[in-house]
Amino acid sequence: MTGQRSSERPPAYRVDPSRTDLALEFKRHPYGQHSDELQRVLNLFRSDPLPGNYCVVCTRPHREWALARFRQTSREPVDLLGPVFGSLAEAEWAVFKLRWRKHTGQALEIE
Amino acid sequence: MIEILGYADRLAVRPGMTIAFKVSCETGAARYRADIVRLRCGDDRPDGPGFREEPVADAAANGDYPGRRQAIDCGSYVRVGPAAAFDAVDSFTLSALIWPTLPGLDEATVMGRWSGPAETGFGYALAIDGASRPCLRLGDGVRVWRLVHPVALAARRWYRLLASFDSATGAASLHCEPVTPQWGDPVFRPTAGRCPLRPLSSGPRIADVPVAVAAHVVEGGQGTWRGAGHFNGKIEAPRLHAQALPAEQIGQILSTPLTGPSAASLVAAWDFSRDIPGTKARDIGPNGLDGDCINLPTRAMTGHAWTAEAMNWTNRPHEYAAIHFHEDDLYDCAWETDFRWTIPPDLKSGIYAARLRCGNQGEDHVPFFVLPPRGHARAPVAFLASTATYLAYANSHDHYEDPVAERCHGLTVLAPADLFLMQRRDLGLSAYDHHRDGSGSCWSSRLRPILNLRPKRALWSLNADLHLTDWLEAIGQEYDVIDDETLHREGVSLLERYACVMTGTHPEYYSTAMLTAMAAYLERGGRLMYLGGNGFYWRVAWHDELPGAMEIRRGEAGTRMWTSEPGETGLATTGEPSGMWRHSGFAPQRLVGVGFISEGFDSGSYYRRLPDSYDPRAGFIFAGVDEEILGDFGVFGGAAALELDIVNPKVGTPPHALLLASSEGHSNVYVIAQAETGANHPGMDGIESPLVRADMVFFETLKGGAVFSTGSIGWAGSLAHDNYRNNISRITENVLRRFISPEPFPSSAGTR
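Residues numbered from 1 in each chain as written. Chains lettered and ligands numbered in written order. Predicted model: local features only at pLDDT ≥ 70, side-chain atom pairs only at ≥ 80, totals over all residues. Heavy atoms only, no water.

(A) How the structure looks around the overall build of chain B. Check the secondary structure of chain B and you find twelve helices and 44 strands. Its C-alpha atoms give chain B a radius of gyration of 28 Å, within 12% of the compact-globule value 27 Å for 752 residues. Across its three principal axes, chain B shows a C-alpha extent of roughly 95 × 60 × 45 Å. Of all 752 residues assigned to chain B, the portion counted as buried reaches 65%. Put simply, chain B shows about 25,600 Å² of open surface, and 50% of that area lies on carbon and sulfur atoms. Computing the positive centroid from 68 side-chain charges and the negative centroid from 88, chain B places the two 3 Å apart. (Helix = DSSP H or I, 4+ residues; strand = E, 2+ residues; numbered from the N terminus. Rg over C-alpha atoms; globule rule 2.2 N^0.38 Å. Buried < 20%, exposed > 50% of the residue type's maximum accessible area, 1.4 Å probe, protein only. Areas by Shrake-Rupley, 256 points an atom, 1.4 Å probe, with all protein chains shown as cover. Lys, Arg positive; Asp, Glu negative; His and termini not counted. Charge placed at Lys NZ, Arg CZ, Asp CG, Glu CD.)

(B) Layout of the pattern of salt bridges. In total, this model carries 58 salt bridges over all chains according to the counting rule given. Here D48 of chain A and K102 of chain A are joined by a salt bridge, their closest N and O atoms 3.3 Å apart. In this pair, D48 of chain A is assigned in the loop between α2 (36-45) and β1 (54-60) and K102 of chain A in helix α3 (residues 88-104), connecting sequence segments 54 residues apart. The class for D48 of chain A is buried, based on a relative accessible area of 12%. When its relative accessible area of 54% is taken as the criterion, K102 of chain A is described as exposed. Linking E496 of chain B and R524 of chain B is a salt bridge whose minimum nitrogen-to-oxygen distance equals 2.6 Å. Of this pair, E496 of chain B sits in the loop between α8 (484-490) and β32 (500-503) while R524 of chain B sits in the loop between α9 (512-523) and β34 (527-530), and the two are 28 residues apart along the sequence. The class for E496 of chain B is partly exposed, based on a relative accessible area of 42%. Judged by relative accessible area, R524 of chain B falls into the partly exposed class, the value being 49%. The structure contains a network of salt bridges with shared partners spanning R33, D35, E53, D64 and R355 of chain B. (Salt bridge = Lys/Arg side-chain N within 4 Å of Asp/Glu carboxyl O.)

(C) Spatial organisation of the pairing of strand β18 (residues 224-228) of chain B. All names here are of chain B. Two elements, strand β17 (residues 216-221) and β18, share five bridges in a ladder whose sense is antiparallel. The residue bridging V217 from the neighbouring strand is G227, located in β18. Between β17 and β18, which follow one another and run antiparallel, lie two residues, and Q222 among them has a positive phi close to 55°. (Pairing = 2+ DSSP bridges.)

(D) Representation of the interface of chain A and chain B within the structure. With 30 residues of chain A in contact, the opposing surface of chain B contributes 27 residues. Area buried by chain A at its contact with chain B is led by R46, H62 and R75 of chain A, which between them contribute 30% of it. On the surface where chain A and chain B come into contact, there are two salt bridges. In this structure, the salt-bridge partner of D328 of chain B is R75 of chain A, at a minimum N-O distance of 3.7 Å. Secondary-structure elements contributing two or more residues to the side of chain A that touches chain B are α2, β1 and α3 of chain A. Summarising the sheet, β1 of chain A and strand β29 (residues 413-414) of chain B pair through two bridges and their orientation is parallel. Paired with V56 of chain A across the bridge in β29 of chain B is V413 of chain B. (Contact = heavy atoms within 4.5 Å. Buried area = accessible area lost by both parts, 1.4 Å probe.)

(E) How the structure looks around the state of the cysteines. Residues and elements named next belong to chain B. Applying the stated rule across the entire model yields zero disulfides over all chains. A disulfide-free cysteine, C25 has its sulfur positioned 4.9 Å from the sulfur of C358, the nearest such atom. Cysteine C293 shares no disulfide, and the gap to the nearest cysteine sulfur, in C442, comes to 14 Å. (Disulfide = S-S within 2.5 Å.)

(F) Seen up close, the side chain of T104 of chain A. Residues and elements named next belong to chain A. Summarising the element assignment, T104 is placed in helix α3. Relative accessible area serves as the criterion here: at 16%, T104 is assigned to the buried category. Here the side chain of T104 touches W100 through a polar contact of 2.6 Å, landing on its backbone oxygen. If near-sequence neighbours (up to four positions away) are discounted, T104 is found in contact with V15 and P17. (Polar contact = N/O pair within 3.5 Å; in protein donor to acceptor, adjacent residues only side chain to side chain.)

(G) Examining the packing of aromatic side chains more closely. Residue and element names in this part refer to chain B. Under the definition given, this model contains 33 aromatic pairs over all chains. Arranged with centres 6.4 Å apart and planes meeting at 45°, the rings of F698 and F739 form a pair that is tilted. Here F739 lies in helix α12 (residues 727-739) and F698 lies in strand β43 (residues 695-700), a separation of 41 residues in the sequence. Taken together, a centroid distance of 6.3 Å and an interplanar angle of 70° make the contact between F708 and W715 edge-to-face. Ring pairing ties together the aromatic residues F21, Y32, Y65, F339, W341, Y352 and F368, which thus form one cluster. (Phe/Tyr/Trp six-rings, centres within 6.5 Å; stacked < 30°, edge-to-face > 60°.)

(H) Seen up close, the sheet that holds strand β3 (residues 79-85) of chain A. Pairing in this open sheet of four strands is mixed, and the strands run β3(A)-β2(A)-β1(A)-β29(B) from one edge to the other. One side of each edge strand has no neighbouring strand; the edge strands of this open sheet are β3 of chain A together with β29 of chain B. Against the sheet, α3 of chain A contacts β1, β2 (64-69) and β3 of chain A together with β29 of chain B, and its axis sits at roughly 155° relative to β1 of chain A. (Axes fitted to C-alpha atoms, helices over the stretch in contact; angles between N-to-C directions.)

(I) Looking closely at the environment of L102 of chain B. Residue and element names in this part refer to chain B. Along the polypeptide, L102 turns up in the loop between β8 (92-100) and β9 (108-115). Distance in space between the C-alpha atoms of L102 and L347 is 50 Å, their sequence separation being 245 residues. With sequence-adjacent residues up to four places away left out, L102 is seen in contact with N232, R436 and D437.

(J) View of the sheet that holds strand β25 (residues 339-342) of chain B. Residues and elements named next belong to chain B. In spatial order, the strands read β1-β3-β25; together these three strands make up an open sheet with antiparallel pairing. In this open sheet, the two strands that pair with only one neighbour each are β1 (4-8) and β25. Across this sheet, the average inter-strand angle for adjacent strands is 25°, counted without regard to direction. Of the strand pairs in this sheet, β1 and strand β3 (residues 18-25) are connected by five bridges, and their pairing is antiparallel. Bridging across to β3, L5 finds its partner in S24.

(K) Just the environment of T191 of chain B, in detail. All names here are of chain B. Assignment of secondary structure puts T191 in strand β15 (residues 191-194). According to the relative accessible area criterion, T191 is buried, its value standing at 18%. Along the chain, T191 and A29 lie 162 residues apart, while their C-alpha atoms are 54 Å from each other. Not counting residues up to four positions away in its chain, the partners in contact with T191 are L147, V148, H149, P150, A172, S173 and L174.

(L) Main features of helix α7 (residues 461-474) of chain B. All names here are of chain B. Helix length check: α7 (14 residues) gives 21 Å between terminal C-alpha atoms against 20 Å at 1.5 Å per residue, within 8%. Within α7, twelve of the 14 residues are buried, leaving the element largely enclosed by the surrounding structure. Where α7 is concerned, the buried positions are S461, L462, N463, A464, D465, L466, H467, L468, T469, D470, W471 and L472. Trailing α7 by a residue or two, G476 shows a phi angle of about 75°, which is positive. (Expected span 1.5 Å × (residues − 1).)

(M) A look at the layout of surface pockets. Computed from the structure, the second largest pocket encloses a volume of approximately 680 Å³. The wall of the second largest pocket is formed by 28 residues, among which L50 and S74 of chain A together with Y400, E401 and D402 of chain B lie closest to the centre. The set of elements that each furnish at least two residues to the lining of the second largest pocket consists of α4 (398-401) and α5 (405-409) of chain B. Of the residues belonging to the lining of the second largest pocket, the class tally is nine nonpolar, eight polar and eleven charged. (1 Å grid on protein atoms, 1.4 Å probe; cavity = no way out; pocket = protein on both sides within 12 Å on 5 of 7 lines; lining within 4 Å. Points joined across faces, edges and corners; volume = space filled by probe spheres on them. Nonpolar A, V, L, I, M, F, W, Y, C, P; charged D, E, K, R; others polar.)

(N) How the structure looks around the nonpolar core. Residue and element names in this part refer to chain B. Ranked by internal contacts, the top residues of the largest apolar core, which has 118 residues, are F708, W715 and L736. In terms of residue count, α9 provides more of this core than any other element does, seven residues in total. Summarising the domain contributions, this core has at least three residues from each of domain 1 (4-36 + 56-72 + 333-369) and domain 3 (371-409 + 427-740). In contact with F708, not counting residues within four places along its chain, are L528, M529, Y530, L531, I621, L660, M696, V697, W715, I731, V735 and F739. The next biggest cluster of nonpolar side chains, apart from the first, holds 55 residues, and it includes C176, L200, A214 and A268. (Core = buried A, V, L, I, M, F, W, Y, C linked by side-chain atoms within 4.5 Å. Domains from an automatic or database assignment.)

Structure representation (structure tokens):
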């Protein structure tokens, strides 16, 4: 069969790059209840397929997490990308910014 | 990197019994240290109650031991013989029906008598080569000759295969045809050749080599064999004839009953529809050459003749004549024992572990549960360790392989154990995982290192349950520990000596015997504290002949990571339907008043008291608790967290049950479980749906018994807050104290 599989089609929902307010909401409150609009953004960001997807590796229990990326399958070792974080919230924010760039084509100019 | 790991030959022991520990030093440490410890709390996070273990200083097993790396022989197959009838084979025909699931990887052996690597071994084998083509492989120990069929096989279709060899002439033939031809199929014609080798009369001796199905064998040392060249997929009716039969007879050769001219040369015909619950592959041929099913292949699988008129193998076994083999099946690592420990007669019941340490960082805890002596209770309350659930999650990969995992859990966080398991599939799978061929993993076993059945790991399963033992120790309550597998074997006699039984945080998996025992305990006046969520949910079975092996099928509904294939929801071990207990007519609400409704892994919430909590019947529960809001604290952000249960009178919540409190304020990550709604629709999340909540209930049973349920996995994570002085701890202690008192509860049935 030829043609694009449905899972490879771009999602119907697209992130409006001007909505940096949603990014700020996530930065302030990465866990728990989010606004409906932010939840849609997160659902999109968290739907990326495994090959090449971001993850974090806990390098020191409860103290240190390193940014990493899956390879093509979950049977291969992940690649450590370099940045190391002192909290999971910091790691969540770093990945959020990377995905913002990927899905909007624009960098998120918020530290 | 994981430096050291181990497992024990049993999870549950009693005083006087001996437990054997098996250890592997993965990075080559020459020595390691072992100490027996009693586990109190496994939560080592800085903001948690703190990791607590107590060394058993005088344990005879404590000491230094030589290290070694131990190998694992994973992958399922059938092994037969050796046998004189096989030795008489000179010319032969191999035939089988196959349903490959991973054709085109490395060469996979369908069946044969082959020893050694596929490129240098000896013997004969029917195989699928690396280009997905059937082939006959012949080898004399030095050279290998192949006859390859030109047509590549597709995955997940049934094919008839036949390969023959005439030792007098060297003539070989190979035939393949789809059972059900489809439009677009290539033309399948037999192929033939002349082999220059004499695989059975020259080269190394073949007399010791077993016949194997779904793999071939290589020497494992000390006269043992291990599997290699594993086939992924289903195989049905593998047969061996001592004659080169013409390919045109393929239909007759694979027919049952075994008649016609080919029957005279039959050596063995394995019928996988026989003795499905057992461990044997039965031979219906003249020699009775039964085989052994190695490493828990999945039986009771639909065969090529499945009609869909039967949905369970017990109705029409001949339609379930296939076994599904996987390269990553595992029952028993079969490691050598490193040390043993006989449980002292006076050892306190509890959760223990052999703590293994090597090098600077290497550490592992091998947990085990010390029960009181059989027929005795040493405390009024028993903590029932959910070993069935622990096994279901054992070594799971689903928290990064499940496509929806990140949407539910947030960013994927990988611990060293995860990185290790990603590449070490020989440590076996959980009942949440997919095999490499994409099929669901129906089996789990405890005879292997289980890296998430450990303290200091994610707060789930055993490690979350250690919050309960920590709390019991903190309030000074004596308790015994019992476990699911023992409950399955011993029934209600394990429970009946206790005034109160306390579950763990997630008693999700129950066999029929376990559920029957728990119901009987309540019928007899027992008291049950169900301190968890998503309990009593899946129907499983333990293998009768293989201790520690547990089977599950995922039915047409239920929150699940894979779904059984059509017709394959019946358990091979018992013939019972698997899937949700609710669909076997026993919803969790019938037992404990509440059942699964929703899950979310972002943040927990609190309960709000409801009018029933002020009913005099509930007065003892809330003694000293003045707050309306309960559990707005804890390691999960609230006592109502992770997985939630609610009442449902339609499926069994008793009419006199008191709905004491419900949680509220859950996020939009929590959505209604798919089994609880007829159709998906907007507004199913924790913000919009009133169904997304945890219900706290209490009700009395007959003969003075009672049930208290919290409906939340997160409950135990709030017990230690504020040094155990909080309303969740108070409520739990109030219930426990009353439940262990001899005063019977008055029956309140029919009062509402």
